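# Chain and residue survey
So the chains spell out like this:
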Amino acid sequence: MTEVIKFDKEDRIGLITIDNPPANALSFAVVKGIANTVANFVEDTELSALIISGAGKMFVAGADIREFNMARPKDVPELHNLINSIEESPKPIIAALNGLALGGGLELAMGCHFRVAHEKALLGQPEVKLGIIPGAGGTQRLPRLVGAEMALKMIVGGEPIAAKEALGVGLVDEILTEDFISDSIAFAKKVMSGGTRPTGKIKLEITDSTIFDKWRDKIKPKSRGLDAPYECVSCVEAAFNNSFEKGLELERKIFVNLRDGEKSKAMRHMFFAEREINKVPGLSRNTETLDINSAAVVGAGTMGGGIAMNFANASIPVKILDITKDAVETGIEIIRKNYNRSVASGRFTQETVEKRMELITGTTDYQDLSQVDIVIEAVFEDMELKKGIFLELEKVCKSEAILASNTSSLDINEIATVTNRPDKVCGTHFFSPANVMKLMENVRAKDTSIETVATIMRLSKTLKKTGVLVGVGDGFVGNRMMHVAARVAEFMVEEGALPWQIDEVIYNFGFPMGPFAMNDLAGVDVRYSIRQEQKKLYGDRRQSIILENLYQTGRFGQKTNGGWYTYDKGERKGRPEPEVETLIVETSKKLGFKRRKFSDQEILDRYLAALINTGAHVLEEGLAMRGSDIDVIWNYGYGFPRYRGGPMFYADQVGLDKIYKSVCNYNTDYGDWLRPSILLERLASEGGSLGKYSID
Ligand code: 3H9
């Protein structure tokens, strides 16, 4: 008996408890333990029924994802075979779902003859989020229990349902609320003499066979580049058109294919990367944090307003401060308009809007910020302006308050010098639009204390954001990489490519938009002024003349109905502009470039080499703690396709030696923008990994 499986008996009932923290995942040891216990139960004439439950708050969170890349030991049965053998047991087996039953956990439960659930249990098939399909019978058993529509909703959507809903649709037989295990035993006694109820034997009939194509259409907008959602539909469809055995065979084949494919590997990498971000050296559960019960934002512009909405959404009162009453009122009005749009689209009610608006108050007086727990400064990117604000904040804010800057590029160490509490000064870099984008780069400056770090990391969670801890440096992590890649894109335009060709390549790679369309959205003028600042640091490097020339024409992007593209009235998608093409050709001529053709592959290689090499520099400089942190930043902040796993993971897939050679080649064209990273060189020669790289 393995220790992850506990076995008890009461009267004629056997009880298996899966005890494999933290998630009771179905590891090799767990599967082996259950298999042995079930085999013993079948032979044991003194037992009439068997219950399978979980220790702690979870039933089973699924197959053990960490073991997906490992060879299964010979004495461990495959999960789907174990579940089949449970279903074939001549005596009833009952799943007692004490908590979360996900993926293989729900499949295990559906192989059992009965299911009882705690009222707080959640049941789901989230495999699609890992780029796979349920692979242990889920696509065949779930439709047999709940019908096609519900099965598709759960398997293709991947969201769990609550026990009560599961009872309503026939997925569980009873909800138990009191003493869960005693009640489960009582249930087992009730059903033990009534025989088994194999799910696989349920006959399926379809009333409306168009449902599957309807689902295929429905998932199209959100499934670009993904295979798993479509395969989920096909497998559920197969449950209606095939025998149970044939359906299982098809499911198995597709599951193995997807599991071993690059896309699922990338999505599994992202699953663990998202969990790694919370692991900060020196930070533990016991690290003291400040409770954030009130907040303030300085600057009532788009960014400040968006940040304030996050606090209101999390039921935290927030003050917005700006210099003039007008600016404050306009800012608050824009917030209301944003909320009203959500009401119009049915996302929430007017009542919710009113509640949230009540939490937002405006002021022009710094004294009003004296009692807030955190202030986030979100004004124009100007060092002197920011220092002046921090000086004011230092004077009025209570001593324990955290003073944060939303700067996307300035040196927080320098900002901190004007305060007497550098330990409480940090960065909270939100991405635009701040009320929508999930990413927060939480910036630890030189003197930021671990308590402040712990507080802002926790705050990210409270605000339902993905907070990644980064260090101080030009553009921190995300923008530092983005600016180099954008420059390389602009250099390619100077040498012969066109913005729309580059954008198409980057879009087809899986990004939501290319660098030029993105620039039109954010503002050509904004990028221009950042570039002017960056000249102080990188004035001796090649500059993007095409950006400067475009800026001079006054084409600032969507806000002026034209930037790299032209935007027809009311259109958010631009069309290629002949005038811009003329400007590009003239710029190339002046720069002495004989324009040449770029293949799509070359564009992609150059763009990604810029991202990856800069990412490696960022790691080398300690601005990010792990390669996987960079992947999270790029997925959440810039839409790097999840099924490619982020730039660092992607680099590993391509091969670091190959990437390193490309970077060395491009270095000739772009000079120090693509100075080969020493870390990249070392990892390439050692056969190392950027995606798994960690500075500790
Ligand atoms: C599957 O079942 C395939 C089958 O159809 C077919 C097979 C043949 N495996 O998220 P948390 C770890 S695919 C391994 O921080 P929470 C997690 O890494 C699977 N480890 O906590 C973390 O470890 P650490 C289908 C797992 O409370 C710790 O548990 N199932 C697994 O915010 C705590 O996790 C899923 O996709 C796992 N399956 O959320 C469910 N699950 O402490 C995936 C968790 O070292 N899991 N861990 O960082 C989740 O969605 C969330 O983890 C869960 C808990 C909701 C369970």
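Here, the structure is the one placed above.
Let us look at the structure shown here. Computed from a prediction, not measured in an experiment: that's the story for all the values here. (Residues numbered from 1 in each chain as written. Predicted model: local features only at pLDDT ≥ 70, side-chain atom pairs only at ≥ 80, totals over all residues. Heavy atoms only, no water.)

### Concerning helix H27 (residues 656-670)
One turn of the α-helix equals 3.6 residues, which is why residues spaced by three or four share an orientation. Which entries qualify depends on this criterion: Numbering of helices and strands runs from the N terminus, with a helix taken as a DSSP run of H or I at least four residues long and a strand as a DSSP run of E at least two residues long. One fewer than the residue count of a helix, multiplied by 1.5 Å, yields its expected span. Burial classes follow relative accessibility: with a 1.4 Å probe on protein chains only, a residue under 20% of its type's maximum area counts as buried, one over 50% as exposed, and anything between as partly exposed.
Here H27 is 15 residues long and its end C-alpha atoms lie 20 Å apart, about the 21 Å a rise of 1.5 Å per residue gives. Among the residues of H27, those classed as buried are Leu-656, Ile-659, Tyr-660, Val-663, Tyr-666 and Tyr-670. Just downstream of H27, Gly-671 is the residue with a positive phi angle, here 55°.

### Some details on the sheet that holds strand E9 (residues 161-162)
Just so we agree on the cut-off: Two strands qualify as a pair provided that DSSP identifies no fewer than 2 bridges between them.
The four strands lie next to each other as E4-E6-E8-E9, forming an open sheet whose pairing is mixed. Only two strands of the sheet have a single partner each, and these edge strands are strand E4 (58-60) and E9. For strand E6 (residues 100-102) and strand E8 (residues 122-124), the ladder comprises two bridges, and the chain directions are parallel. Bridge pairing links Leu-102 to Gly-124 in E8.

### A look at the packing of aromatic side chains
Heads up, the rule is: Stacked, tilted and edge-to-face pairs are distinguished by plane angle, under 30 degrees for stacked and over 60 for edge-to-face with tilted covering the rest, among Phe, Tyr and Trp rings (Trp via its six-membered ring) whose centres lie within 6.5 Å. Charge-over-ring contacts are defined here by two conditions on Lys NZ or Arg CZ: a distance within 6 Å of the ring centre and an angle within 35 degrees of the ring normal.
According to the stated counting rule, one finds 20 aromatic pairs in the structure shown. Ring centres of Tyr-528 and Tyr-551 lie 3.6 Å apart, and the angle between their planes is 5°; this geometry places the pair in the stacked category. Residue Tyr-528 is found in helix H21 (residues 524-538), and its partner Tyr-551 is found in helix H22 (residues 545-552); the two are separated by 23 residues along the sequence. One aromatic cluster is present, built from ring pairs that chain together Phe-431, Phe-509, Phe-511, Trp-634, Tyr-638, Phe-640 and Tyr-650. Across from the ring centre of Tyr-507, 3.7 Å away, lies the NZ or CZ of Arg-224, which sits over that ring. One residue, Arg-275, lies across the ring of Phe-271, its end atom 3.8 Å from the ring centre.

### Overview of the site of the ligand
Which entries qualify depends on this criterion: Put simply, a residue is near a molecule or strand once any heavy atom of it comes within 4 Å of that molecule or strand. Exposure was quantified through the Shrake-Rupley algorithm and a 1.4 Å probe, taking into account, for residues, occlusion by the shown protein chains and nothing else.
Looking at the ligand, there are 28 residues lining it, with Ala-61, Glu-107, Glu-127, Arg-275 and Lys-279 nearest. Calculation on the ligand without its partners gives an accessible area of 1,000 Å², and the protein chains cover 74% of this total. Of all the secondary-structure elements, those providing two or more residues to the shell around the ligand are E6, helix H3 (104-111) and helix H11 (262-276).

### Comments concerning the pairing of strand E15 (residues 402-405)
Heads up, the condition is: The crossover handedness rule: strands pointing away from the viewer, path from first strand over the helix to second strand clockwise, crossover right-handed.
Both faces of E15 are covered, namely the face carrying Ile-402 and Ala-404 and the face carrying Leu-403 and Ser-405. Sheet topology places strand E14 (residues 374-377) next to E15; four bridges connect them, and they run parallel. Residue pairing for E15: Val-375 is matched across the bridge by Leu-403. Note on the crossover from E14 through helix H15 (residues 383-396) to E15: the handedness is right-handed.

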